[in-house]
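Coordinate inspection notes
Below are the chains, spelled out letter by letter.
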Amino acid sequence: MSQSKVYDSAQQALKDIVKDEQTLAIGGFGLCGIPEALIEALRDSGVKELTCISNNAGVDDFGLGLLLQTRQIKKMISSYVGENKEFERQYLTGELEVELTPQGTLAEKLRSGGAGIPAFYTATGVGTMVADGKETRDFDGRTYVLEHSLTADVALVKAQKADKAGNLIFNKTARNFNPDCAMAGKITIAEVEEIVEVGALDPDEIHLPGIFVQRIVLNANPEKRIEKVTVKTAENV
């Protein structure tokens, strides 16, 4: 019988997987849909010299900002790098290498990597620093730049619900980069808020098939700083 995909903790899920100098793809958009427990466990593992592919680097005290505090990241491949003063400090002092990538291009780099497509042409970035040193080609009178796809040694993603086979359902826009990261990872670990038995999920509701997920860890009560419904109180209406 094959080993269960469900692990008792984030620490156990990472234990024999993460190593120094790996490339990791980490899901999320801002602080929405980030694998909070897995990021904390990654920090506590002490691995270093990491290259992290993520839309952004969290904030100073949350998300990937925790790994910047401990100097575990040597390079970020991302789109948005604001709201993190430690990120800014490390970049400006030359401690952190940064590869800025347009957001749609980053998504397609990950999607293509997961689909086995080595590179693709896009018009995004043509004529800017984004295209410096890259091959360009004209199609139908328009110039496109060749972008190489991205894959990762390990992907850390966040979903709302999983069955024990690793099929995932995401919470609305918290899906964001998570499926693309999961597909691009050689080993993908999913942090979820609920785990159900195989067969309990409607196949038409599954956003990511379990074939892309090797390990699952339950975090039933994540902090989710910005994934909360906020409404006016009666006295403020």
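Everything below is about the structure shown above.
I will try to describe carefully the structure that is included in this document. Everything quoted here is computed from the prediction, not taken from an experiment. (Residues numbered from 1 in each chain as written. Predicted model: local features only at pLDDT ≥ 70, side-chain atom pairs only at ≥ 80, totals over all residues. Heavy atoms only, no water.)

Examining unusual backbone geometry
Unlike most non-glycine residues, Glu 83 shows phi in positive territory, near 65 degrees. The exposure class of Glu 83 is exposed, given its relative accessible area of 60%. Despite not being glycine, Asp 140 shows a phi value in the positive range, around 55 degrees. Looking at where Asp 140 falls in the secondary structure, it is placed in the loop between strand 7 (136–139) and strand 8 (142–148). (Buried < 20%, exposed > 50% of the residue type's maximum accessible area, 1.4 Å probe, protein only. Helix = DSSP H or I, 4+ residues; strand = E, 2+ residues; numbered from the N terminus.)

A word on the side chain of Lys 75
As for its placement among the helices and strands, Lys 75 is situated in strand 4 (residues 73–78). At 3.1 Å, the side chain of Lys 75 forms a polar contact with the side chain of Glu 99. Not counting chain neighbours up to four residues away, the residues in contact with Lys 75 comprise Leu 50, Thr 51, Cys 52, Leu 96, Glu 97 and Glu 99. (Polar contact = N/O pair within 3.5 Å; in protein donor to acceptor, adjacent residues only side chain to side chain. Contact = heavy atoms within 4.5 Å.)

Digging into the pairing of strand 9 (residues 152–163)
Counting buried positions along strand 9 gives nine out of twelve residues, so the element sits mostly inside the fold. Where strand 2 (residues 23–26) meets strand 9, three bridges bridge the pair, whose relative direction is parallel. Note on strand 9: the bridge partner recorded for Ala 25 is Ala 155. With ten bridges joining them, strand 9 and strand 11 (residues 185–196) adopt parallel strand pairing. By the bridge assignment for strand 11, Lys 158 is matched with Glu 191. Of the strand pairs in this sheet, strand 9 and strand 10 (residues 168–169) are connected by two bridges, and their pairing is antiparallel. Note that in strand 10 the partner of Lys 161 across the bridge is Ile 169. Counted between consecutive antiparallel strands, the loop separating strand 9 from strand 10 contains four residues, among which Gly 166 sits at a positive phi close to 95 degrees. (Pairing = 2+ DSSP bridges.)

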